[in-house]
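Given next are the chains, with one letter for each unit.
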Amino acid sequence: QIDDLTEVDYSLSSSPAVFQQFIDLDLKGVVFPAGNYTDSPYVAASLTMPDQSDSMLYLAFSEYFFQTSSFAYYTAGAFNMTIAEETCSYFNVNTEIFGSIIPEVAKYSVTPYPVMLKLMSTEIPMISLQKDSFTVQIQGSMEVLAVLPDSTIQSLFTLNIVANTSISLNIFDQKLMGSLCLNRIQFSLAHSNVDSFEVLLLENILSYILQTNVIPSANAKLSKGFPLP
């Protein structure tokens, strides 16, 4: 088991191949939601190890391993999160901040109310493997809601999000570790209850919130690492 959300199957997918100087072990390397071994929508491609012999052990991960990881965490809801006023770092997120940028919000809410941001991944994140790292493209949505004095919530607007991130990899203490970096992000207006507005005005503050809340939270989880076989 990797964590509370996922497990990994490192069982042999074929019999060991024994040669004069080395042994090849072909492991499944399938990540799936904890307690729910479901088939992923991906097909494992053949993997060829580099012809090197100056180390005792070589361990290779195919793109399939990271694709099934993405599918498992998406299925488990790991890419969804809520940022509330009490959990937002560095400053309080409220309607006054958004109203100072978007006049439509200021007209809608004269009294400053706390704001809640609901982030959701709407598609399985796409993985592209590179040397020592891989990129993850995430498509999702961000709903901005005002928290009213009676604790009810009122949706202000919803944005579409396309985020391009990269994760650098290293091995430490028999675990595969990762570090997430946000490369670029795009926002577009999906729905608004405060009339339409120019989304570009919000990009700086929303990017800052993601950089100071979402990225550190993701890196805290990635720092726990994937157990190696």
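What you see is a predicted model, and the numbers here were worked out from it, not measured in a lab.

## A closer look at the domain arrangement of the chain
Thinking step 1. Entries for the chain in the domain assignment read domain 1 (1-77) and domain 2 (79-228).
Thinking step 2. Here the C-alpha centre of domain 2 lies 30 Å away from the C-alpha centre of domain 1.
Thinking step 3. Facing 19 residues of domain 1, the contacting portion of domain 2 comprises 17 residues.
Thinking step 4. Summing the contributions of domain 1 and of domain 2, the shared interface buries around 1500 Å²; its carbon and sulfur component is 73%.
Thinking step 5. Contact with domain 2 buries area across many residues of domain 1, yet Glu-63, Phe-66 and Tyr-74 alone supply 38% of it, more than any other trio.
Thinking step 6. At the surface where domain 1 touches domain 2, the tally comes to 0 salt bridges.
Thinking step 7. Across the domain 1-domain 2 interface, the total number found is 6 residue pairs in polar contact (both at pLDDT 80 or more).
Thinking step 8. It is helix α1 (residues 63-75) that provides the largest number of residues to the side of domain 1 that touches domain 2, a total of 9 residues.
Thinking step 9. Of the residues assigned to the side of domain 1 that touches domain 2, the class counts are 12 nonpolar, 6 polar and 1 charged.

## Topic: the packing of aromatic side chains
Thinking step 1. Applying the stated criterion to the full structure yields 9 aromatic pairs.
Thinking step 2. Measuring from ring centre to ring centre gives 5.2 Å for Phe-65 and Phe-66, while their planes differ by 85°; the resulting arrangement is edge-to-face.
Thinking step 3. Judged by its relative accessible area of 7%, Phe-66 is buried.
Thinking step 4. Three or more aromatic residues joined by ring pairs form one cluster here, namely Phe-61, Phe-65, Phe-66, Tyr-73, Phe-134 and Phe-226.

## Structural notes on the pattern of salt bridges
Thinking step 1. Following the criterion strictly, the structure yields 1 salt bridge and no others.
Thinking step 2. Linking Asp-9 and Lys-28 is a salt bridge whose minimum nitrogen-to-oxygen distance equals 3.8 Å. Taken together, the residues Asp-9 in strand β1 (residues 6-9) and Lys-28 in the loop between β3 (23-24) and β4 (30-33) connect sequence positions 19 residues apart.

## Brief notes about helix α4 (residues 203-222)
Thinking step 1. Its axis deflected by about 35° at Gln-211, α4 carries its strongest bend there.
Thinking step 2. Those residues of α4 not exposed but buried are Ile-205, Leu-206, Ile-209, Leu-210, Thr-212, Asn-213, Val-214, Ile-215 and Asn-219.
Thinking step 3. Turning to α4, the residues buried within the fold contact β5 (81-83), α2 (95-101), β6 (115-121), β8 (133-147), β9 (153-172) and β10 (175-192).

## Points about the nonpolar core
Thinking step 1. In this structure, Phe-65, Phe-98, Phe-157 and Phe-187 are the most contacted members of the largest nonpolar core, which totals 46 residues.
Thinking step 2. When residues of this core are traced back to their parent elements, those giving at least two are α1, β6, β8, β9, β10 and α4.
Thinking step 3. Shared between two domains, this core takes at least three residues from each, and those domains are domain 1 (1-77) and domain 2 (79-228).
Thinking step 4. Ignoring sequence-local partners within four residues, the contact set of Phe-187 consists of Met-142, Leu-159, Asn-160, Ile-161, Val-199, Glu-203, Leu-206, Ser-207 and Leu-210.

## Digging into the confidence of the model for the chain
Thinking step 1. Overall, the prediction assigns the chain a mean pLDDT of 86, with 97% of residues at 70 or greater.
Thinking step 2. Taken element by element, the chain is modelled with least confidence in helix α3 (residues 103-108), mean pLDDT 80, and with most confidence in β6, mean pLDDT 93.

Rules behind the numbers
- Residues numbered from 1 in each chain as written.
- Predicted model: local features only at pLDDT ≥ 70, side-chain atom pairs only at ≥ 80, totals over all residues.
- Heavy atoms only, no water.
- Domains from an automatic or database assignment.
- Contact = heavy atoms within 4.5 Å.
- Buried area = accessible area lost by both parts, 1.4 Å probe.
- Salt bridge = Lys/Arg side-chain N within 4 Å of Asp/Glu carboxyl O.
- Polar contact = N/O pair within 3.5 Å; in protein donor to acceptor, adjacent residues only side chain to side chain.
- Helix = DSSP H or I, 4+ residues; strand = E, 2+ residues; numbered from the N terminus.
- Nonpolar A, V, L, I, M, F, W, Y, C, P; charged D, E, K, R; others polar.
- Phe/Tyr/Trp six-rings, centres within 6.5 Å; stacked < 30°, edge-to-face > 60°.
- Buried < 20%, exposed > 50% of the residue type's maximum accessible area, 1.4 Å probe, protein only.
- Bend = angle between axes of the 7 residues up to and from the residue.
- Core = buried A, V, L, I, M, F, W, Y, C linked by side-chain atoms within 4.5 Å.
- pLDDT = per-residue confidence, 0-100.

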